[in-house]
Amino acid sequence: MNSFVIKGGNKIEGEIEVQGAKNAVLPILAATVLNGGKNIIYNCPGLRDVEITIDVLKNLGCKVEKRGKTLFVDSENMNGCTIPDTLMRQMRSSIIFLGAIIARCKEAVVSMPGGCEIGNRPIDLHLKALRQLGVEITEAHGYINCKADKLKGDNIHLDFPSVGATENIMLAACMAEGITTVTNAAREPEIVDLEAFLNRMGAKISGSGSNVIRIEGVKKLYGVEHQIIPDRIVAATYLSCAAATKGSIILKHVNPNHMNAMTAVLKEMGCKIYTEKSRIILSSPVNRLKAVKRIVTMPYPGFPTDIQSPFMALTSIADGTSVFVENIFENRFQHVEELMRMGADIKVDGRIAVVQGVESLGGATVRAKELRGGAAMILAALAADGVTTVEDIKYIDRGYESIEKYLSSCGANIQRKE
Ligand code: EPZ
């Protein structure tokens, strides 16, 4: 089992160029099957989830080549419309291929994505929307079978502003006949990046970033080049690591406008934050970090669920009581028991966690239970007295590119143990 061994107490100080956004590159890679052309994707992060997505593209008959942070995807000879169980089980967010495969092939077969560590992750909103666009869907023997003689635009209202469902609708509707509107659409920056990529291909989409998106179907799409936006969650993770260790950090290649909900909390805790066009500079308070009265996770532009666990680790050493409400996923407090092994004082009741800050945490052997909870354990270890071993770090590698290299370059004592 791979692990990180971290000796706490070093200040995180220095500069980091932030990776491209995992949650932007995954739907954009799915979108490359739409145009049957040659695509070049720049600023692609080196992540396990990207490797799996490349496997899905190859399984569909696409040619994919990775040179450093640049991906070349040629979907001209796509010859399949099925994502096998083995790949779906490796990454449930492969469901994002559904809309794109149907748009290109008018049929698709994928296995039920099932749940994951943070919740049962239903896809009812995805399927309901695709049915409205004219897709016949049958679910049997663990597989979802989709067929569509023709895709026809419709007015789709999402009961919840689901990121994945919004993206699947955009992918399925961009070559449908007529106009599709999505109301109560998710507003995440990664959706805006997907719209930019699709429109560069020749799609006619507007409204991303707002809760109403309009998609006018077109006949043909073309291969393009695109640069992935910075990863706002990874950026906020590094800011919180600096804050946890009384350090200071300069992040480059970020978009501060995507991070207001997160930087606002860091300022409330006493951090000084200075932003420029593509840089953020954080310095920690001279005294102890202050607790945060309430952190409530919400769809964008609210406080992101993905940063909840690293920020909970940060408040676990703050002065006072912080209250977290996790509204997005039903099982996203698994890091709590791991933090308590290090001396954190946290009480959970349903979707609420009450964190009583302690002076310091103590090193221990802990586990990453899921991607962002794993990042929370790294943050706690950096701030703790003594040595911490974080096990099961495969979860962390899904979303953080070479996290130990970036943190070591800023003074952390962290080793990867194979
Ligand atoms: C995306 O997941 C992200 N993943 C998640 O990031 C992120 O936490 C989430 O959006 C919320 O921002 C990717 O983009 C690959 P949702 P997604 O559909 O699309 C319910 C990370 O750590 N729902 O917005 O799956 C669902 O159960 C990951 O990088 C339905 O009920 O999120 C959840 O409660 C974790 N029916 C809520 O909506 C549906 O059909 C939000 O889900 C779909 C979703």
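Quick caveat, the model's predicted, so the values are computed rather than measured.

Parameters and conventions
Residues numbered from 1 in each chain as written. Predicted model: local features only at pLDDT ≥ 70, side-chain atom pairs only at ≥ 80, totals over all residues. Heavy atoms only, no water. Core = buried A, V, L, I, M, F, W, Y, C linked by side-chain atoms within 4.5 Å. Buried < 20%, exposed > 50% of the residue type's maximum accessible area, 1.4 Å probe, protein only. Helix = DSSP H or I, 4+ residues; strand = E, 2+ residues; numbered from the N terminus. Contact = heavy atoms within 4.5 Å. Near = heavy atom within 4 Å. Polar contact = N/O pair within 3.5 Å; in protein donor to acceptor, adjacent residues only side chain to side chain. Areas by Shrake-Rupley, 256 points an atom, 1.4 Å probe, with all protein chains shown as cover. Domains from an automatic or database assignment. Buried area = accessible area lost by both parts, 1.4 Å probe. Salt bridge = Lys/Arg side-chain N within 4 Å of Asp/Glu carboxyl O. Pairing = 2+ DSSP bridges. Axes fitted to C-alpha atoms, helices over the stretch in contact; angles between N-to-C directions.

**A few points about the nonpolar core**
Right, so step 1: The biggest cluster of nonpolar side chains holds 78 residues, and the ones touching the most others in it are Phe 97 and Leu 198.
Right, so step 2: The biggest single contributor to this core is helix H1 (residues 22–31), with seven residues.
Right, so step 3: Not counting residues up to four positions away in its chain, the partners in contact with Leu 198 are Ala 31, Leu 34, Met 170, Leu 171, Cys 174, Ala 203, Ile 205 and Leu 221.

**Considerations on the site of the ligand**
Right, so step 1: Taken together, 22 residues are adjacent to the ligand, and Asp 124, Leu 125, Ser 162, Asp 306 and Ile 328 come closest.
Right, so step 2: The separation between a nitrogen atom of the ligand and a polar side-chain atom of Asp 124 is 2.7 Å.
Right, so step 3: Between the ligand and Ser 162, the relevant distance is 2.7 Å, taken from an oxygen atom to a side-chain nitrogen or oxygen of the residue.
Right, so step 4: Compared with its free state, where it exposes 830 Å², the ligand has 85% of that area covered by protein.
Right, so step 5: Every element with two or more residues in the shell around the ligand is listed here: H1, helix H5 (124–132), helix H6 (163–173) and helix H12 (371–383).
Right, so step 6: Two domains each provide a minimum of three residues to the shell around the ligand, namely domain 1 (3–18 + 230–417) and domain 2 (22–227).

**Side note on the domain arrangement of the chain**
Right, so step 1: Domain annotation of the chain identifies domain 1 (3–18 + 230–417) and domain 2 (22–227).
Right, so step 2: A separation of 30 Å is found between the C-alpha centroids of domain 1 and domain 2.
Right, so step 3: In this assembly, 24 residues from domain 1 lie in contact with 22 residues from domain 2.
Right, so step 4: Both sides of the domain 1 and domain 2 interface together cover about 1,900 Å² of buried area, and 49% of this is carbon and sulfur.
Right, so step 5: For the pair domain 1 and domain 2, the number of links is three salt bridges.

**Describing the sheet that holds strand S21 (residues 352–356)**
Right, so step 1: Taken together, the four strands give an open sheet; going across it, the order is S18-S19-S21-S20, and neighbouring strands pair in mixed fashion. Edge positions in the open sheet fall to strand S18 (294–296) and strand S20 (345–349), since each of these has one partner strand only. Taking the axes of each pair of neighbouring strands and ignoring which way they run, one obtains an average angle of 15° across the sheet.
Right, so step 2: Alignment of S18 against strand S19 (residues 321–325), held across three bridges, turns out to be parallel. Along S19, the bridge assignment pairs Ile 295 with Phe 324.
Right, so step 3: Sheet strands touched by helix H10 (residues 308–315): S18, S19, S20 and S21. Its angle to S19, the strand with the most contacts, is close to 165°.

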